[in-house]
Structure formats: structure tokens, C-alpha cells
Amino acid sequence: MPNIENSILQKITFSAIKEKNISLYIKREDLIHPTISGNKYRKLKYNILEAQSQGKKTLLTFGGAYSNHIAAVAATGKECGFKTIGIIRGDELGNNIEETFLSNPTLKYAHDCGMEFKFVTRAVYRDKNSEVFNANLKNEFGDFYLIPEGGTNELAIKGCEEILSKDTDQFDYVCVSIGTGGTISGIINSAKEHQNVIGFPALKGNFLEGEIRKWIGEKLNWKLNFDYHFGGYAKTTDKLIHFINNFKQETEIPLDPIYTGKMVVGVVDLINKDYFAKGSKILFIHTGGIQGIQGMNAILRKKNKQTLKL
Ligand SMILES: *Cc1c(COP(=O)(O)O)cnc(C)c1O
């Protein structure tokens, strides 16, 4: 089972910023569980309790082909005794399922955990929150507890409010990567007044501020930095891959290429540009995502690009 005691605070010494008078720590949410890692566990926790109290037997959710959320729901379902169904973007993935499993470690893992898949076209996937689609799912799969794409809902925010604790009150800045905005919303809600939360979106898009505002009321101690998405969701560059490998070699901390790697590049760059006042204490939230490295490496290998060290 996931264990939040594993989420330790760790001091980071990194040569790229050693001349700067900044103290840098990371909260290792990635160590909560090998696959139900980081924020995905926080987001699922109260949803699982709710599904259990409603007497549901099945969890149904949505995701892309390499989704950390899909892996987390599949593993959680297995550990907590739920049947799981994943609605996956990309109908072509269903054409030859054995081949898909060979080239996609995330779906293979979810399958091995017992998840059943329904592969849909990108157009259908885009329409996944419509009433018609939902009614069709009920017809096809019967009764289920629905968890939205990326896992973000009110109970997920409640879980993410538990990421910060007394131990993290000492920090001036809390830095976190953003997909749907659920995780940062929980962090903003539980951050202390003297703390600034900075979010680094892993994708392009100006809808995020509105999404976050839905969950946080009138809070003002946060901002988003859109400068480090590296071209968009799941896009990478050689520079990013090189940074992540170098960071791992120096600190022994693995970062994922889709979320945490981009955020850490961003913070290190901002430190070097003297964005933070001298003496600032900065906390990274390591939201996990390590399960996605193998899938990304398979893609990079196909393009003859440098891969991530495991
Ligand atoms: C899903 C995910 C995020 C984004 O979380 P949101 O709550 O969707 O903003 C960040 N980091 C990792 C590793 C993730 O898997």
C-alpha cells in the first residue's frame, strides 16, 4: 500500500546553483509508492474512501496512453479490490493490443493490474464529459465510480491539501508542476500566508488560471510561470533530457520528463537569474511520474535521441 511516511524532505546540493545563496529542498512524494506515486495517490485517497462508502465495485477513468493517472488508478484498484476501467485516448492503440503492450509499459502495467480498456478516437475522447457519452458508458459497463481525467475533483483537492505540513512551514516558496491544476490548488489552500506558491504548467494553455480559481476561493499567494513547458505536453528537448540525467547523477533524485523535470529546470533557471531574494528557502514538490520514464525512452529511442537514465 502507499505510505505517506516515505515522503521525506530532502536537502538538494546542485552545482548549477552553488554560488547562489538559496536553500533548496524537495518533498519526495514520488517515494509514496512505485506506481501510485506522488500527487496521484493524494488525489485518489478520498475518492477511494467515497467509492467504498457508496458501495461501488468499479472505478472508471480517462487518460492518454502513458498517463501516470491511469497507472495509479489501475494499481489502486488492484490494491483496494475494485474493478478498473480505463477510457484511453487513441483508437489505434486497440487495433493490435499485444503490440501496444510491447511498446507501452504504462498500458501493459495497467493491464497486468487488471484494468479493462476502451480505446476511443481523439474526437470521442474530447467529448468524454458529455451526458451522451456518460450514458453510453453506463450502458456498456454498468454502475461505476467516475474519476475525471487526471483525477481532479473536490475530493482530490482535499487530498492534495495534505501535501504541505508543519515541516514545510519554513519555506518561502513552494514550486510544483501543473497538469490539470488540481495539485497546486490543494497546495495553495494549505500554504501559509508567508508562502508563495509557483506553478509550472507542463502544457500550453491559458485556461489553467481559471481552472485553479474554481478550487481556491480568494487566495492570492500564487502565480503561474508559463516559460518552461518545452513546447507543450509531453514534448521534450535534448537539453531537458540532459538536465534530468545530470540532476540525477549529482543528486540521486530521478525526475520525470513530463512534469517534475520541467519544473526543476525552471526553478534552477530562475535562481540563476536572481528571481528569488538572497537567502530564500525554496521547496520543490516531487509529484512523481517516474513510471512514465520507460515509455518516454521508447519514444526517444525511436527518434534516435538521447534517453533518460534509469
Ligand atoms: C499528474 C501529474 C502532475 C499534474 O497534476 P495536476 O493535479 O493535474 O495539476 C504533476 N506531476 C506529475 C508527476 C503528475 O503525474
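Above this note sits the structure.
Residues numbered from 1 in each chain as written. Predicted model: local features only at pLDDT ≥ 70, side-chain atom pairs only at ≥ 80, totals over all residues. Heavy atoms only, no water.

### Observations concerning helix 2 (residues 68-80)
Argument step 1. Between its first and last C-alpha atoms helix 2 spans 18 Å; for 13 residues at 1.5 Å apiece the expected length is 18 Å, and the two agree.
Argument step 2. Burial runs high along helix 2: 10 of the 13 residues are buried.
Argument step 3. Residues of helix 2 that are buried include every one of Asn68, His69, Ile70, Ala71, Ala72, Val73, Ala74, Ala75, Thr76 and Gly77, and no others.
Argument step 4. Its side-chain oxygen placed 3.1 Å from the backbone nitrogen of His69, Ser67 serves as the N-cap of helix 2.
Argument step 5. Looking one or two residues beyond helix 2, the residue adopting positive phi is Gly81, at roughly 80°. (Helix = DSSP H or I, 4+ residues; strand = E, 2+ residues; numbered from the N terminus. Expected span 1.5 Å × (residues − 1). Buried < 20%, exposed > 50% of the residue type's maximum accessible area, 1.4 Å probe, protein only. Polar contact = N/O pair within 3.5 Å; in protein donor to acceptor, adjacent residues only side chain to side chain.)

### A look at the pairing of strand 2 (residues 23-28)
Argument step 1. Counting buried positions over the six residues of strand 2 gives five, a clear majority of the element.
Argument step 2. Judged from the three bridges that link them, strand 1 (residues 9-11) and strand 2 form a sheet pairing that is antiparallel. Paired with Lys11 across the bridge in strand 2 is Tyr25.
Argument step 3. Of the strand pairs in this sheet, strand 2 and strand 10 (residues 281-286) are connected by six bridges, and their pairing is parallel. (Pairing = 2+ DSSP bridges.)

### A short note on unusual backbone geometry
Argument step 1. Not every positive phi belongs to a glycine, and Phe230 is a case in point at roughly 55°.
Argument step 2. Topologically, Phe230 is positioned in the loop between strand 9 (222-224) and helix 10 (238-251).
Argument step 3. Not every positive phi belongs to a glycine, and Asn304 is a case in point at roughly 60°.
Argument step 4. Its place among the elements puts Asn304 in the segment after helix 12 (293-302).

### So, the site of the ligand
Argument step 1. The local shell around the ligand holds 14 residues, among which Lys40, Lys43, Thr180, Thr183 and Thr287 are the closest.
Argument step 2. Between an oxygen atom of the ligand and a main-chain N or O atom of Gly179, the distance comes to 2.8 Å.
Argument step 3. A distance of 2.6 Å separates an oxygen atom of the ligand from a polar atom in the side chain of Thr183.
Argument step 4. Compared with its free state, where it exposes 380 Å², the ligand has 98% of that area covered by protein.
Argument step 5. Among the elements of the structure, helix 1 (38-53) and helix 8 (182-190) are those that each provide at least two residues to the shell around the ligand. (Near = heavy atom within 4 Å. Areas by Shrake-Rupley, 256 points an atom, 1.4 Å probe, with all protein chains shown as cover.)

### Quick word on the nonpolar core
Argument step 1. Core analysis: the biggest nonpolar cluster contains 35 residues, and Val267, Phe276, Ile282 and Phe284 have the highest contact counts within it.
Argument step 2. Mapped by element, the contributors of at least two residues to this core are strand 2, strand 7 (173-178), strand 8 (196-201), helix 10, helix 11 (260-272), strand 10 and helix 12.
Argument step 3. Take this core: its biggest share by element is seven residues, from helix 11.
Argument step 4. If we skip the residues at most four places from it in the chain, Ile282 touches Ile22, Ser23, Leu24, Tyr25, Phe171, Tyr173, Cys175, Val267, Ile271 and Phe276.
Argument step 5. With 25 residues, the next largest nonpolar core counts Val73, Leu107, Ala110 and Phe117 among its residues. (Core = buried A, V, L, I, M, F, W, Y, C linked by side-chain atoms within 4.5 Å. Contact = heavy atoms within 4.5 Å.)

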